[in-house]
Amino acid sequence: MNKYLATFTVHIQEAIIYRVRLFIWLLTDIVWIVVLPFVWLSVYGDASSIGGYDKNAIVSYFFYMPLVNSLLTYYTYHFMSYQIKDGAVVSFITKPIQYLLYCSIGEIAYRLWQTGTVVLLISIAYVFVGQTIIVPTLPENLVAIIPIFLTTMVMNLLFATLIGMIGFWTIQAEWIFHFWWMITTFATGYLAPLSFYPYWTQVLLYYSPFPLMMHVPLEAILGRLGAIEIIHWVVVGLVWIVILLGLNRMIWQRGVRRVDTVGM
Amino acid sequence: MNQYLKVLKAATNNAISYLLAYRVDALMKLLLGLGWTAVNLITAEVLFLHTSAINGWSKPDLLALFMTFGFATEFGLLAGGYIKELETNIRKGTFDGIITKPIDSQFISVFGRPDFSALMYLTTRQIPYIYVLWSDGIETSVSSFFLYLFLLLLANIIWLAVRVLLMTINFWHQKLDNLAELQLTITEFAKYPVGIFPWPIQLVMYTAIPLAFTAFVPAEALRGNFGIGTALFTLLITIIFVLAARLLWNKALRNYTSASS
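Residue positions are given per chain, counting from 1 as you read along its sequence in written order. Chains and ligands are labelled by the order in which they are written, letters from A for the one and numbers from 1 for the other. In view of the model being predicted, local features appear only for residues whose pLDDT reaches at least 70, and side-chain atom pairs are presented and counted only at 80 or more, with totals across whole chains, interfaces and linings using the full set of residues. Where side-chain values are given, they derive from all heavy atoms of the structure, hydrogens and water being excluded.

*Asks:* Would you explain the overall build of chain A in this entry?
*Replies:* A count of helical and extended segments in chain A gives twelve helices and two strands. Numbered from the N terminus, helices here are DSSP runs of H or I no shorter than four residues, and strands are runs of E no shorter than two. Put simply, chain A runs from its N terminus to its C terminus through helices and strands in the order α-α-β-β-α-α-α-α-α-α-α-α-α-α. Computed over C-alpha atoms, the radius of gyration of chain A comes to 20 Å, within 12% of the 18 Å expected from 2.2 N^0.38 for 264 residues, which places it in the range of a compact globule. Each principal axis of the C-alpha distribution contributes one length, and for chain A these read about 70 × 40 × 35 Å. Here the term buried applies to any residue with accessible area under 20% of the maximum for its type, exposed to any over 50%, and partly exposed to those in between, with areas from a 1.4 Å probe on protein chains only. Put simply, chain A has 264 residues, and 51% of those count as buried. In this description, contact between two residues means that some pair of their heavy atoms is separated by no more than 4.5 Å. Nonlocal contacts in chain A, meaning residues at least 24 apart in sequence, comprise 81% of its contacts between residues at least 6 apart. The Shrake-Rupley method, run with a 1.4 Å probe sphere, supplies the accessible areas, and residue values consider only the shown protein chains as cover. Accessible surface computed for chain A: about 12700 Å², of which carbon and sulfur atoms make up 70%. Lys and Arg are tallied as positive, Asp and Glu as negative. Neither His nor the chain termini are counted. A single reference atom marks each charge: NZ on Lys, CZ on Arg, CG on Asp, CD on Glu. Between the averaged position of the 12 positive side-chain charges in chain A and that of its 11 negative side-chain charges there is a distance of 13 Å. Put simply, the radius of gyration uses C-alpha atoms, and a globule should come to 2.2 Å times the residue count raised to 0.38.

Here's what the structure looks like:
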């Protein structure tokens, strides 16, 4: 247990050392999100509501998006594919440490540090746009936020490690990451709440894991999820977690067999 | 001058060889271009499910803006192979190999290693737009079209100048290997009509961070809304940013100390 705690601490320390770099990554993660509320407000025009969202709700949706993005979106696959390509993964195979857990803990540490900065930034933004923002009612909304966030966190980490292991098969994994971003940009609710999409798309996405990655956590913050919906999404998340755990295990065992190394 | 042309010719030959050596890479870029355009087309479809115009821009207008955005940003990626790796080159000391060559270091950093796979990406990224716009029959005049081409050229130069300005910061700060990504992200503001943003953001987009000139201004010219005055103002902005990139680079070089032996 101590070694994973040490992993967590080391990654926090690394994030602190390169503060400017971290801040630029933070900006890179959130700046493009800032564009979208302006686009949608322009689309609203005189309309009071689209897809069940009034203007305050849509601004709030994008207001909390950087928070959900920093806490629940993981890019572990970059680090993993680099380490696999570089051969650094070998040193983990021979150590009494679970590599996928090591990567996940490192990512969580980095993300928690980044989330702290995001909270600070959106608190400053709140001073300017606070009158239009829907504030979560606590503790009522926590009934939705806690289970949804925990499910999403585990599921997204498992997706990230699974994608990272593509590095065992190709050194040009960047393309696969791009295709993953394309799908998630559209299907998770980055562009808009999914109720803005054509009905058939919403039906198609209802049983997929994608809404859980962004749309559902945002709806949980905004207090828009009923008890049935919370149960539905937690169950969908848990089913995907079981599938992903199996896939991670299987792919890791096969991937490790492909590692060739020379020297120390 | 002859020396610079020779370097450009050699760099082009190298880039072609590289492209042929990494064929799968190039093929993937073709698919990637198609994929991102699909995402943008879906975005436009979702937006126009709920409105007929965004700040006075119809769907074909917005697609023309997306297309212009692609041209203005992707040509910049065609050049600048070394400039993208400037951070690593400075940190590891390999920048010495550039600075000690008997040729302008900024020139070699920007044009010394073109990436032709970006051209492949650009092709598949733009063809769907051109097809859709052609089918929808976007209305423009011959003079507007030529003004559009001129402004597009300036947009590329501005975008590249901003990239150089940003990357030059690496001479003073270590480990800022994500500045190029930051530029790409901030450029997202240029993908939509400038009029949708509040006036302070618009002001920034026309001055300090010249995003308005990246796609909006050329696309407005294509719609026939801008004339020669805009072209002259854009030219002035281009000159200012190219000069700024040059001056900052020279200042940075004076601060550069080698990290290698």
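*Asks:* Looking at this model, I keep getting lost on a nonpolar patch on the surface. Mind explaining?
*Replies:* Residues and elements named next belong to chain B. A contiguous nonpolar surface patch, about 800 Å² in accessible area, is contributed by Phe150, Leu153, Ile157, Ile228, Leu232, Leu235, Ile239, Val242 and Leu243. Elements represented by at least two residues in the nonpolar patch include exactly α9 (142-168) and α13 (228-255). Residue contributions to the nonpolar patch peak at six residues, all from α13. Along the chain, Leu243 falls in helix α13. Only residues whose relative accessible area exceeds 30% and that form no salt bridge are eligible for patches; like-charged ones are grouped when within 9 Å, while nonpolar side chains (Val, Leu, Ile, Met, Phe, Trp, Tyr) are grouped when within 5 Å. Here a salt bridge means any side-chain nitrogen of Lys or Arg lying within 4 Å of a carboxyl oxygen belonging to Asp or Glu.

*Asks:* How do you make sense of the interface of chain B and chain A when you look at a structure like this?
*Replies:* Often the size quoted for an interface is simply the accessible area lost on bringing the parts together. Counting residues at the interface gives 34 residues for chain B and 30 residues for chain A. Summed over both partners, the accessible area lost on bringing two parts together, with a 1.4 Å probe, is the buried area. Overall, the association of chain B and chain A removes approximately 3100 Å² of surface from exposure, summing both partners, and the carbon and sulfur fraction of that is 81%. It is Leu32, His50 and Asn178 of chain B that lose the most area in chain B upon contact with chain A, and together they represent 17% of the buried surface on that side. Run the count over chain B and chain A and you get one salt bridge.

*Asks:* What is the right way to look at the nonpolar core in this model?
*Replies:* Most often, soluble globular proteins have nonpolar side chains that are buried together. To qualify as a nonpolar core, a set must consist of buried Ala, Val, Leu, Ile, Met, Phe, Trp, Tyr and Cys residues joined through side-chain atoms within 4.5 Å. Within the largest apolar cluster, 152 residues are counted, with the highest numbers of intra-cluster contacts made by Trp40, Phe196 and Tyr197 of chain A together with Leu47, Leu62 and Tyr192 of chain B. Considering each element in turn, this core owes the most residues, 13 residues, to α9 of chain B. In terms of nonpolar packing, the next biggest core, distinct from the first, is built from seven residues, Trp175 and Met182 of chain A together with Leu32 and Tyr121 of chain B among them.

*Asks:* Which parts of the structure should I look at to understand the pattern of salt bridges?
*Replies:* Residues and elements named next belong to chain B. Inspection of the entire model under this criterion finds eleven salt bridges over all chains. When the shortest N-O distance is used, the salt bridge between Glu45 and Lys59 registers 2.7 Å. Residue Glu45 is located in helix α2 (residues 23-47), and its partner Lys59 is located in helix α3 (residues 59-78); the two are separated by 14 residues in the primary sequence. By relative accessible area, which is 43% here, Glu45 ends up partly exposed. Taking the relative accessible area as the measure of exposure, Lys59 reaches 25% and is therefore partly exposed. A salt bridge links Glu220 to Arg223; its shortest N-O distance comes to 3.0 Å. We classify Glu220 as buried; its relative accessible area is 11%.

*Asks:* I tried to follow the packing of helix α2 (residues 19-44) of chain A against helix α3 (residues 55-72) of chain A on my own but got confused; where do I start?
*Replies:* The geometry of a pair of packed helices is captured by two quantities: the angle between their axes and the separation between those axes. All names here are of chain A. Interaxial distance between α2 and α3 falls to 10 Å at its minimum, and their mutual angle equals 170 degrees. On the basis of the axis angle, α2 is roughly antiparallel to α3. Taking contact as the criterion, the partners of Asp29, Ile30, Ile33, Leu36, Pro37, Trp40, Leu41 and Tyr44 in α2 are, on α3, Lys55, Ile58, Val59, Phe62, Met65, Pro66 and Asn69. Classification convention: Asp, Glu, Lys, Arg as charged; Ala, Val, Leu, Ile, Met, Phe, Trp, Tyr, Cys, Pro as nonpolar; all other residues, Gly among them, as polar. Of the residues that constitute the contact of α2 with α3, the class distribution is twelve nonpolar, one polar and two charged. As a rule, the C-alpha atoms of each element are fitted with a line to give its axis, helices using only the stretch in contact, and angles between N-to-C directions run from 0 to 180 degrees. Angles below 35 degrees are treated as roughly parallel, those above 145 as roughly antiparallel, those between 65 and 115 as roughly perpendicular, and all remaining angles as oblique.

*Asks:* Would you take a moment to explain the packing of helix α4 (residues 76-86) of chain A against helix α6 (residues 99-129) of chain A for this structure?
*Replies:* Residues and elements named next belong to chain A. Two elements in contact, α4 and α6, have axes separated by 10 Å at closest approach and are oriented at 135 degrees. With respect to α6, the axis of α4 lies oblique. Pair α4 / α6 crosses with right-handed handedness. In this structure, α4 uses Thr76, Phe79, Met80 and Gln83 to contact α6, whose residues at the interface are Tyr99, Leu100, Tyr102, Cys103, Ser104 and Glu107. Of the residues contributing to the contact of α4 with α6, the split by class is six nonpolar, three polar and one charged. Whether a crossing is left-handed or right-handed is set by the direction in which the near helix is turned from the far one by less than a right angle, anticlockwise for left-handed and clockwise for right-handed.

Function cannot be read off these values alone, since they describe shape.
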